[in-house]
Amino acid sequence: GIAMADQGKGFGEQLFARLQGKGLSRSQIYKALALQRLNEEVMELGAQGLIPEPAMLEISKIASSARQKQLAEIAVERQLPSNWIKELVRLIRNAEKASSDKEANKYWDFFFEVKDLLEREGPTKELLERVKNFTPDRLAAEAESGDRQVVGYRKLTLDSGKGLDVGTS
């Protein structure tokens with residue numbers, strides 16, 4: 001059972017108290033706890049050396065396993081530096097923690113816009129600045145200012161074998 005002294009302490013604190021004499025530092029314990037939250041496939045990418053440990057610790061902050069995997073794949077494909085991963089994690093976490101579906105959708109819309117731009121143009125300084133400065137209100141302001149435009153899908157040049165999933169919001 002848990003000792004009376006442990007009650008009221010967080011799990012990490014309890015674990016630290018028990019492992020203190022075993023030569024593990026507090027940061028090693030917290031790192032192990034963080035890495036346990038990672039999707040198995042993301043862990044595998046880290047084990048192969050495709051994602052550095054600091055990036056894996058950032059990715060572990062994302063609640064959804066599927067989103068962790070999605071970001072990890074983008075990070076590997078685009079060879080994103082740590083500062084990019086940190087900003088994209090922040091964007092995803094804001095979407096996960098959004099107070100309404102409407103707000104969450106603004107974050108997700110922007111995330112997928114960034115993902116597309118990364119595929120087309122790579123990780124540019126300008127795009128990173130947009131990610132750092134993004135707020136759900138900014139998306140509406142950009143739309144109103146005319147910087148963004150809605151294009152009918154018939155005007156898009158789609159590669160064969162790729163298309164639009166009408167069921168996707």
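Residues numbered from 1 in each chain as written. Predicted model: local features only at pLDDT ≥ 70, side-chain atom pairs only at ≥ 80, totals over all residues. Heavy atoms only, no water.

**Comments concerning the overall build of the protein**
Summing up its helical and strand segments, the protein has nine helices and zero strands in all. Within the protein, the proportion of its 169 residues that are buried is 31%. Considering only contacts in the protein between residues 6 or more positions apart, those separated by 24 or more positions represent 50%. If you sum the accessible surface of the protein, you get close to 11300 Å²; carbon and sulfur atoms cover 50% of it. (Helix = DSSP H or I, 4+ residues; strand = E, 2+ residues; numbered from the N terminus. Buried < 20%, exposed > 50% of the residue type's maximum accessible area, 1.4 Å probe, protein only. Contact = heavy atoms within 4.5 Å. Areas by Shrake-Rupley, 256 points an atom, 1.4 Å probe, with all protein chains shown as cover.)

**Topic: the nonpolar core**
Among the nonpolar cores identified, the biggest contains 34 residues, and Ile59, Trp84 and Leu88 are the most heavily contacted of them. Listing elements by their share of this core, those giving two or more residues are helix 3 (40-47), helix 4 (53-59), helix 5 (65-77), helix 6 (82-96), helix 7 (101-121) and helix 8 (125-132). Here the element with the most residues in this core is helix 7; it accounts for eight residues. Aside from chain neighbours lying at most four places away, what touches Trp84 is Val114, Leu118, Pro123, Thr124, Leu127, Leu128 and Val131. (Core = buried A, V, L, I, M, F, W, Y, C linked by side-chain atoms within 4.5 Å.)

**A few points about the confidence of the model for the protein**
Mean pLDDT over the protein: 81, with 72% of residues reaching 70 or higher. Per-element confidence in the protein is highest for helix 8, whose mean pLDDT is 96, and lowest for helix 9 (residues 136-145), whose mean pLDDT is 63. (pLDDT = per-residue confidence, 0-100.)

**Quick notes on the side chain of Glu58**
Relative to the elements of secondary structure, Glu58 occurs in helix 4. By relative accessible area, Glu58 is classed as buried at 14%. Setting aside residues up to four positions removed in sequence, Glu58 forms contacts with Ile85, Lys86 and Val89.

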